[in-house]
Amino acid sequence: MASALPFRTPLRRTVAAALALAASAPLLSGCFEEPSAHDAVRDFLVGWQSGDYPMAARRTDGDPAHVAKALEDVRLQLDAASLRFHLTGVSRSGDASQAGFRAEIDLGENNPLWVYHGKLPLHLVDGVWKVRWSPSVLHPQLKEGQRFAVPPISDSRQPVLDRNGDALQRDAVLYVAGVTPANLKDPERLCEELAEVTGFAQDRLLSRIHSAPPNELAPLVTFGRRKYAELQSRLTAIQGITIRPQKQPVDPGAPTQIVGRVSAITPETEQQLGGPQRAGDSVGLSGLQKAYQDQLTGATAIRVITLDLKTGKEVSELAKWEGRSNAPVQTTIDARLQGSAEVAVASANKAALVAVKGSTGEVLAVATQQFHQEKDALGGKFAAGSVFSIVAADALLQSGVTAKQRLPCPPERSVGGARFQQAGASAGSTPTFKGSLANACVTALAALGRRVDAGTLTASARSFGIGSDWQLPLKSFSGSLPRLTSSAARARAIVGQNIKVSPLSMALIAGAIKNGTWHPPVLVKQPATPDPAAETPPVRQPNPIKLDPARTEVLRGLMRAGVTSGTAATANANGPQVHGISSFTTGSRSWFIGYQDDVAVAVLAEGNDPAAIAGAFFHGAHSTA
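One structure accompanies this document, and this report is about it. (Residues numbered from 1 in each chain as written. Predicted model: local features only at pLDDT ≥ 70, side-chain atom pairs only at ≥ 80, totals over all residues. Heavy atoms only, no water.)

Ile 390, Phe 433, Leu 523 and Ile 593 are the most contacted members of the largest nonpolar core, which has 82 residues in total. Here the element with the most residues in this core is helix α19 (residues 503-515); it accounts for eight residues. If we skip the residues at most four places from it in the chain, Leu 523 touches Ile 258, Leu 288, Thr 331, Thr 332, Ile 333, Val 363, Leu 378, Leu 472 and Leu 474. With 40 residues, the next largest nonpolar core counts Val 67, Leu 83, Trp 114 and Val 137 among its residues. (Core = buried A, V, L, I, M, F, W, Y, C linked by side-chain atoms within 4.5 Å. Buried < 20%, exposed > 50% of the residue type's maximum accessible area, 1.4 Å probe, protein only. Helix = DSSP H or I, 4+ residues; strand = E, 2+ residues; numbered from the N terminus. Contact = heavy atoms within 4.5 Å.)

Glancing now at the pattern of salt bridges. Considering all chains together, one arrives at 19 salt bridges under this definition. Residue Arg 189 pairs with Glu 193 through a salt bridge whose shortest N-O separation is 3.0 Å. With Arg 189 and Glu 193 both in helix α5 (residues 187-198), this residue pair falls four residues apart, about one helical turn. Residue Arg 589 pairs with Glu 606 through a salt bridge whose shortest N-O separation is 2.8 Å. Taken together, the residues span a long stretch of sequence, with Arg 589 in strand β26 (residues 589-596) and Glu 606 in strand β27 (residues 599-606) at a distance of 17 residues. The class for Arg 589 is partly exposed, based on a relative accessible area of 25%. Owing to a relative accessible area of 18%, Glu 606 belongs among the buried residues under this scheme. What emerges from the salt-bridge pattern is a single network uniting Asp 39, Arg 42, Asp 43 and Arg 59. (Salt bridge = Lys/Arg side-chain N within 4 Å of Asp/Glu carboxyl O.)

Turning next to the sheet that holds strand β9 (residues 218-223). The strand order across the open sheet formed by three strands is β9-β8-β10, and the pairing between neighbours is antiparallel. The outermost strands of the open sheet, each flanked by one partner alone, are β9 and β10 (242-252). Taken pair by pair, the neighbouring strands of this sheet meet at an average axis angle of 35 degrees, ignoring direction. Taken strand by strand, helix α7 (residues 225-236) contacts β8 (169-179), β9 and β10, and its axis lies near 120 degrees from that of β9. (Pairing = 2+ DSSP bridges. Axes fitted to C-alpha atoms, helices over the stretch in contact; angles between N-to-C directions.)

So, about unusual backbone geometry. Going from Ala 254 to Pro 255, the amide bond is cis rather than trans, its omega being -5 degrees. Residue placement: Pro 255 occurs in the loop between β10 and α8 (256-259). At the junction of Gln 526 and Pro 527, the peptide bond is cis and its omega measures out at 0 degrees in the coordinates. Tracing the backbone shows Pro 527 in the loop between β23 (524-526) and β24 (545-546). Here the phi dihedral of Asp 126 falls at roughly 55 degrees; this positive angle occurs in a residue that is not glycine. Here Asp 126 shows up in the loop between β3 (113-125) and β4 (128-131). The backbone of Ala 440 shows a phi angle near 55 degrees, a positive value even though the residue is not glycine. For Ala 440, a relative accessible area of 10% corresponds to the buried category.

Per the stated rule, a full pass over the model turns up one disulfide. The disulfide that involves Cys 409 links it to Cys 441, with 1.8 Å between the sulfurs. With the S-S dihedral at roughly 110 degrees, the linkage between Cys 409 and Cys 441 falls on the right-handed side. Here Cys 409 is found in the loop between α14 (389-398) and β19 (412-415), whereas its partner Cys 441 is found in the loop between α15 (433-438) and α16 (442-446), with 32 residues between them in sequence. With a relative accessible area of 0%, Cys 409 lands in the buried category. Given the relative accessible area of 0%, Cys 441 is considered buried. (Disulfide = S-S within 2.5 Å.)

See below:
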């Protein structure tokens, strides 16, 4: 919240207050003529609004020092950025008069505007109009022996959940430094020392102390474990500071980079988030914790109350703003399958595995080794390699190519000026189209670039979601393909050399072949949008795309051959039949895409067999079912 120190408010607020005063001064003075009470009302309200408390106090019948302090305390106790008053009327009856006013109290950045109506009783004192002083002048419900306070109400951060409602993070201990205002001898000195240690603005810390109930612990700053360990000795040396550990669900479990990291509020993040932020609040730094910050934390509720100065107990509630309630974020992640995925990639040099539910597009698991789960597994842009030939096969089947058609697999081939090479046992043989795809014969598959037109090949790629406009709350990539105007471009597309994909987009392709319908991905089940206060509807995802049943059945047979007699044999596992193909792209990077039952998988690996990684995943998933 904003500084509560008089004459030390930020520049923009000082300007705003000055403008408000300039705008209201004519209203307060335009019709004032002695010997009426108007001059007294004007001087009192203008002095109170502008911070000239002695001027305002002189227009009352109370002790000037006592009244000036009471007026100053209003700003401090409310942690107010500005006060504005509007005269609503003046009436007179003999030697007595009464003025009505409307108060507008700005409770700080992003906090509500508190509006109330008050009355100023006046009487003549030695022929001069004076405001009859009592605490009710400040607010009709404020009485002698009472003060204002603004205690915030913050709920703990809510968790990110898996598809079954179990938390995807563990509780971690945060450390909250706070004070009990009534016990402080020198709050200004304490805030100066705390600001030096933490980097938080001294005036913000002091304003939180002034506006808090004096007999309750007022949280000031929160620290994570490492930061607290670093500053512990300096913090405990500050007289009056109390440190309390507080558990919050901020330690991410798998998939850690999808769930995201959380930090205690720092001076930098406090500025970025604006108000109201309080000690004990936390901020998502990455992943879903960052994307759904508002959902997980809600908005701090604000209350304006009066307190008994002797007991410190609440007397009455003058105003309340509920804020916005927080709620968990439920994902589609399956914790059991996520565990199997983590084990499958653990021993790899570098790998990314994405598993989706083929019948819905729901993301079930994301695991990586040396790749980033969001930036690479969901949003990476990698050459598809010859596993893309399963998509091209849909177009080739429409162009008259059959699974049994024999295709020479020479060590080298040129198509339209583009050169292709094939290494390994397949080179020099004449397998069928089915065998060429199962064994990733690049030279045989590339030759088919002359057999298919650009429109058919592009349409097949689109039907499998390549280039689709689906969106996730995290960075993601649906794939891209260039214009296929030449036979060379089409040959390169068939073997995936000029097609860019992410592991997520490839897993969706495998799921589409299993179920006969391509589905856009889903990562979060609830809420529908990251911003619960958004007035715009959530982005509409593209509709599922129904594939041709006859061609899809052929594609399933081609993928099964990849496991039974092709390069994807190491993906085989117990349980339902495994379907899949694997391929090499450039260098040491290789792909596997396939499925077992309704779980579709894509694996991208460097220096490892991606089919073997998939097989380990299928084995683990089946054995823990």
